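If you want the building blocks of each chain, they are given just below.
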Amino acid sequence: MPKPRTKRQAIRDERKAKRREKAIAAYEASKDAKRRRINDADGDGDGGDLGDREAVFEDGYDQPQPQTGGPPPPDREFFGMLSDQEQEYFRSVDEQLDIDDFPSQEERELYLASVFAEAQGKELKLACSQSCSRLMERLILMSNTRQKKKLFGQFGSHFLNLIQHRFASHCCETLFLQSAPIVTRELGGDRDDIPTELDDPNEPPLPYMEELFLLALDELEGHLGYLLADKFASHTLRVLLIILSGRPLEQSQTKSLIHSKKKEQISVPWTSDSLTDLNAQLRAVPMSFNLAAKKIISDSVSGMNTTELRVLATHPTGNPVLQLLLELDISLNLKASEDESDDMTLLRRLLPGAPASLKDATTPASDFVNSMLYDSIGSRLLETLLTHCPGKIFKALYKHVFGNRIHSLMRNDIACYPAIRILNRLSKEDLVSAVQKSLPEFGKLVTLSRFNVIKTLFERCQARQANAELESLTNALVAAFGSDRKSLVPKLCLPQSSDSEDGNKHDPIQKNQSAIISHGAHLTTTMMAIPGAPHQAIQTSLAALPEELILQLATSSAPTSYVLVTALSTPTKNKAFHKTLIAALRPHAFQLAMSSHGNKVINLIIYTPSKGDGISVPFHIKESIMEQLGQHEQELRDSFEGRRAWRAWKGDLWRNRRRDWISWAKEADSTSEQTSTVPQSRRDSGFRNGYGNSMGGTVKDNGHSRKRKMLEMVS
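**Structural notes on the packing of helix α5 (residues 133-142) against helix α8 (residues 168-187)**
Helix packing for two helices is described by the angle between their axes and how far apart those axes are.
1) Next: One way to put it is that α5 packs onto α8 with a least axis distance of 9 Å and a crossing angle of 5°. Judged on the interaxial angle alone, α8 and α5 are roughly parallel. Two secondary-structure elements touch here, α5 through S133, M136, E137, I140 and L141 and α8 through H170, C171, T174, L175 and Q178.
2) Next: For the contact of α5 with α8, the per-class residue count stands at five nonpolar, four polar and one charged.

Below is the structure:
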């Protein structure tokens, strides 16, 4: 039953009714103004200024934005508003679906069918309603294939207006994303839209989902120029492009490209279709989708000149769409047999005449690269270009544009990110040259906290087997921190903030303290995984840390706690290393168990083998930690993190059946020993050959599978 109306609710309803009356009056005024413009088309000019005014509705549309190309946007449609009774009904439906107290799946489906029957003819109003658009998204998530296809039919011929609406655009995105796996399923001959007993037997068969997508794309044809920079439509365009390309829909990279950080997550207790597997992998798409994607890329930039294209590249909303267009333009047209870019429409527009034109610094191609390099938004497009462009163009870019100044790009807070993309594609000879250029100015990289650049240098040297450069980078890093290896981890992961906070509050390094700590922790874990001088330097620094700093490392943040997790799960020839770390953590076992970050560290200890060549922790230390946890059993049970630690250490078994707990703990030891036991000769060959190549691949797989298994046991 819905809640009784309060006085505050009555005031809100009254205000809503007034807004609705104003909207209807404005709509009628706009119709009169249009009619007056038509009557005055003969030139009598008696219409005054009313004919030039545009009706404004409080229905979720933003004010028109400056367009970057294409024809002017059409007039916005107004689909009406829900009555108070309809809003009350759909609000109760939303609550009922959220509670999900149906006795069976059949009851759920019958209730959902009744809701769709009640919403028939009101789908557009629901999608454009601020209070009911979330319900429409939830209905789409719960709907079956037949109901999704009917929604396509209701939204048809209105997609151009819906994707520009503040609320309806989210409904369109959800409908597209939930319908994409159906295209792949129907492509294999599996159709599940057969009419049921509740459907009209005389209803014509529904079309394929592929046809419905193509019809929706036809509505957008000719309007892509200004939709690229639209605040809401640009997100829907990204969704459509990812669906047409067949890319996975559930990857974190894909989600960050589709949705903004402010996107509200609509959750449902169940879904009608089990499509999770199809969303998490590459999808087979019909040939018509590839042709449609190429046509969208061509139509999007065909009406733009060079100036408009550069404006779009630096536009906060248009840049992400342009990144995706460029990536698809290269991937769809790149041929495996020949490395040519003749068919790449957008790449050819951005870099005309490349790679030959890149030899001259005054050509439009070189000018475009230089103008994007130091722009906070345009540099993101340059990163995409450097990552995916054909090899001939990348080689020309590095040789004529970036090669001589790669060391200076590493220092810049914006250009360092394109520089990282460059380092990831360099050959061994070019990488060695880049490292040699950066060594004289390595202290500046450390002073500016460019730890992400230093991390990339270590990773690429390890992958290219540049062992001499790895040692040079390690020595340069130690020298930059005062030639004391013991200070590496404290200065990378636990930098001390300045005492004079008022004087440094505008300092960018102080503003980005959390990002600097995260980058420093990632650099530390990267060096720990590289055998030789990097591994020894980090191990020496960790072993020399005082007890309070080790505790701070475990509890201050997730990246710093992962440093200890990696240290405890990485084999080493120093038999006292792991014992030293755990001995420092043992007095603070309860504090670690109650910490959201330290919880991972304390849970890993129980699965660390008591006897082993590379990793070992005496069993009596584990028993003493368990005794400390047992003294605070009630406090642990009262917190989420504490309960997790109590379950990981099997506290109930320890309290009730001590011998069984000892047997279990030793069995966990034997399991960990089996995963960590690697012949010494193979381990030594791994230290010589490295992990990032085919020669050391076997050793890399063994080490990483062991770490993965231990972390899975912890979680």
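**Considering the environment of E123**
1) Next: By secondary structure assignment, the location of E123 is in helix α4 (residues 123-128).
2) Next: Under the relative-accessibility criterion, E123 is labelled buried at 7%.
3) Next: In this structure, the C-alpha to C-alpha distance between E123 and S133, residues ten residues apart in sequence, is 9.5 Å.
4) Next: Within the local environment of E123, its side chain forms a polar contact with the backbone nitrogen of G121, the two atoms lying 2.9 Å apart.

**A look at the environment of E211**
1) Next: Mapped onto the elements of the fold, E211 is located in helix α9 (residues 209-220).
2) Next: E211 gets classed as partly exposed once you look at its relative accessible area, which sits at 40%.
3) Next: Each C-alpha atom of the pair E211 and V183 lies 9.4 Å from the other, and the pair is 28 residues apart in sequence.

**Quick look at the pattern of salt bridges**
1) Next: A complete count under the given rule lists 18 salt bridges for this structure.
2) Next: With its nearest N and O atoms 2.9 Å apart, the salt bridge here joins E88 to R91. One end of the pair, E88, and the other, R91, are both in helix α2 (residues 84-99), three residues apart, so they sit about a helical turn from each other.
3) Next: Residue E88 is classed as partly exposed on the basis of its relative accessible area of 26%.

**Some words on the nonpolar core**
1) Next: Counting residues in each nonpolar core, the largest one holds 182 residues, and the members touching the most others are L351, F402, L477, L542, W649 and W661.
2) Next: In terms of residues, this core owes the most to one element, α8, which gives nine residues.
3) Next: What L477 contacts, discounting residues up to four positions off in sequence, is F442, V446, I454, F458, L488, L523 and M527.

**Considerations on the side chain of S179**
1) Next: Note that S179 resides in helix α8.
2) Next: Excluding residues that lie within four positions of it along the chain, S179 makes contacts with K148, F152, M209 and F213.

So, how was this worked out
- Residues numbered from 1 in each chain as written.
- Predicted model: local features only at pLDDT ≥ 70, side-chain atom pairs only at ≥ 80, totals over all residues.
- Heavy atoms only, no water.
- Axes fitted to C-alpha atoms, helices over the stretch in contact; angles between N-to-C directions.
- Helix = DSSP H or I, 4+ residues; strand = E, 2+ residues; numbered from the N terminus.
- Parallel < 35°, antiparallel > 145°, perpendicular 65-115°, else oblique.
- Contact = heavy atoms within 4.5 Å.
- Nonpolar A, V, L, I, M, F, W, Y, C, P; charged D, E, K, R; others polar.
- Buried < 20%, exposed > 50% of the residue type's maximum accessible area, 1.4 Å probe, protein only.
- Polar contact = N/O pair within 3.5 Å; in protein donor to acceptor, adjacent residues only side chain to side chain.
- Salt bridge = Lys/Arg side-chain N within 4 Å of Asp/Glu carboxyl O.
- Core = buried A, V, L, I, M, F, W, Y, C linked by side-chain atoms within 4.5 Å.

Bear in mind that shape data such as this cannot, by itself, settle questions of function.
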